[in-house]
Amino acid sequence: MDPVGILALVAVLVVVFLVASTVRIVPQARRYNIERFGRYRRTLQPGLNLVLPVADRINTKLDVREQVYSSDPRPVITEDNLVVNIDTVLYYQITDPRAAAYEVADYLQAIDQLTVTTLRNVIGSMDLEETLTSREEINSRLRAVLDDATGKWGIRVNRVEIKAIDPPHTIKEAMEKQMRAERDKRAAILHAEGERQAKILTAEGTKQKDILEAQGTQQAMILRADGEAKAVELVFQAVHRNNADPKVLAYKYLETLPHLASSDNNTFWVIPGELTEAVRTVTSAFGDQTAAGAPAPAQPAEAATAEETPPESRTPELGAGSSVSLDAAQAAADEAEKQAAAAVSDAKAEAQAAMSSQVPRREPSSGD
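Here is a short report on the structure shown in this document. (Residues numbered from 1 in each chain as written. Predicted model: local features only at pLDDT ≥ 70, side-chain atom pairs only at ≥ 80, totals over all residues. Heavy atoms only, no water.)

## A closer look at the pattern of salt bridges
Here comes step 1: In total, this model carries nine salt bridges according to the counting rule given.
Here comes step 2: Between Asp87 and Lys163 there is a salt bridge, with the nearest N and O atoms lying 3.8 Å from each other. Of the two residues, Asp87 sits in strand β8 (residues 83-94) while Lys163 sits in strand β9 (residues 155-166), which places them 76 residues apart along the sequence.
Here comes step 3: Owing to a relative accessible area of 9%, Asp87 belongs among the buried residues under this scheme. (Salt bridge = Lys/Arg side-chain N within 4 Å of Asp/Glu carboxyl O. Helix = DSSP H or I, 4+ residues; strand = E, 2+ residues; numbered from the N terminus. Buried < 20%, exposed > 50% of the residue type's maximum accessible area, 1.4 Å probe, protein only.)

See the structure below:
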């Protein structure tokens, strides 16, 4: 190759090199810091940029998008002298590329160390319980300190989050036991509340049941009393309407008397004083009818029987309202019942005999 061709080729290469050194294309969300002879000149913006070849060079290339930095767990001592491991997550963004490149040597390391020291200061004034329940307060205090310190570095801390708080193993076991005890307590309280509500509802149901039963019994007694009152009224009206004489009333009195001692619960019984008077009335009534129809030869026999009857078997006459002891009352009640039943049966027999004697005999006809 001749020298002219070589020189032409060298000239072309030089031109290509100069053009390539002059043109700089910056991607979107990137910033390039340019130094001219070792001194900061300017920051290239996204797009096509021209620089002086050989004199200008790119010092740093920075990403101005929001970025995430996760730190390793760091031991922190709480106010109650417990060591917990806390790791944080930072969301930051470069706002000034020149300050981020020239104000601090390594902004990530600086942010990490500042986060650890600030976190130790904040956690050191809290106990474990407050540390576990005050994450929002810790995050806000960390963000305030970091944002104030990193502002001169051209970095804005948008958000600080505590990713995990790991207490010691023994503290974890104690917390689990406490949590289990709290849950057992809540379960016992809920169970007791359920039993209390069940007992209250049962008592309310029993109360309503007793009230309804009492109301039903009351209504039944009222209706029964009304029925008895109406029945007595009808009987009373029938007796007065038919103009019953004292003989019929005395007969009904003797017929009802045996029912007074028929109950098994009677332990005390008062014999009315008008018992003998009622017996005399019935006897005299049916005795008069017998005398009207036919002679009654049984009177001497009855008198003899009355005379032969020993005083112990006679019916004791008691005044109205008088009472005896339990055994004497029971014996008197039994004796009175027997005598009343006998008197009623004798009265019925005498009435039937009197009626049969009063039936007119039919005269035989001449044809017979």
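## Considerations on the side chain of Asn33
Here comes step 1: Tracing the backbone shows Asn33 in strand β2 (residues 30-36).
Here comes step 2: Of the polar contacts made by the side chain of Asn33, one reaches the side chain of Thr43; its length is 2.9 Å.
Here comes step 3: Once you skip the residues sitting within four places of it in the chain, Asn33 turns out to touch Tyr40, Arg42, Thr43, Arg57, Ile58, Asn59, Thr60, Leu62, Pro97, Arg98, Ala101 and Tyr102. (Polar contact = N/O pair within 3.5 Å; in protein donor to acceptor, adjacent residues only side chain to side chain. Contact = heavy atoms within 4.5 Å.)

## Some words on unusual backbone geometry
Here comes step 1: In the Ramachandran plot, Phe37 falls in the positive-phi region, its phi being about 60° despite a non-glycine side chain.
Here comes step 2: The residue Phe37 is located in the loop between β2 and β3 (39-44) in this model.
Here comes step 3: The residue Val54 is not glycine, and still its phi comes out positive at about 70°.
Here comes step 4: Here Val54 lies in the loop between β4 (47-50) and β5 (56-63).

That's the geometry; what it means functionally is another story.
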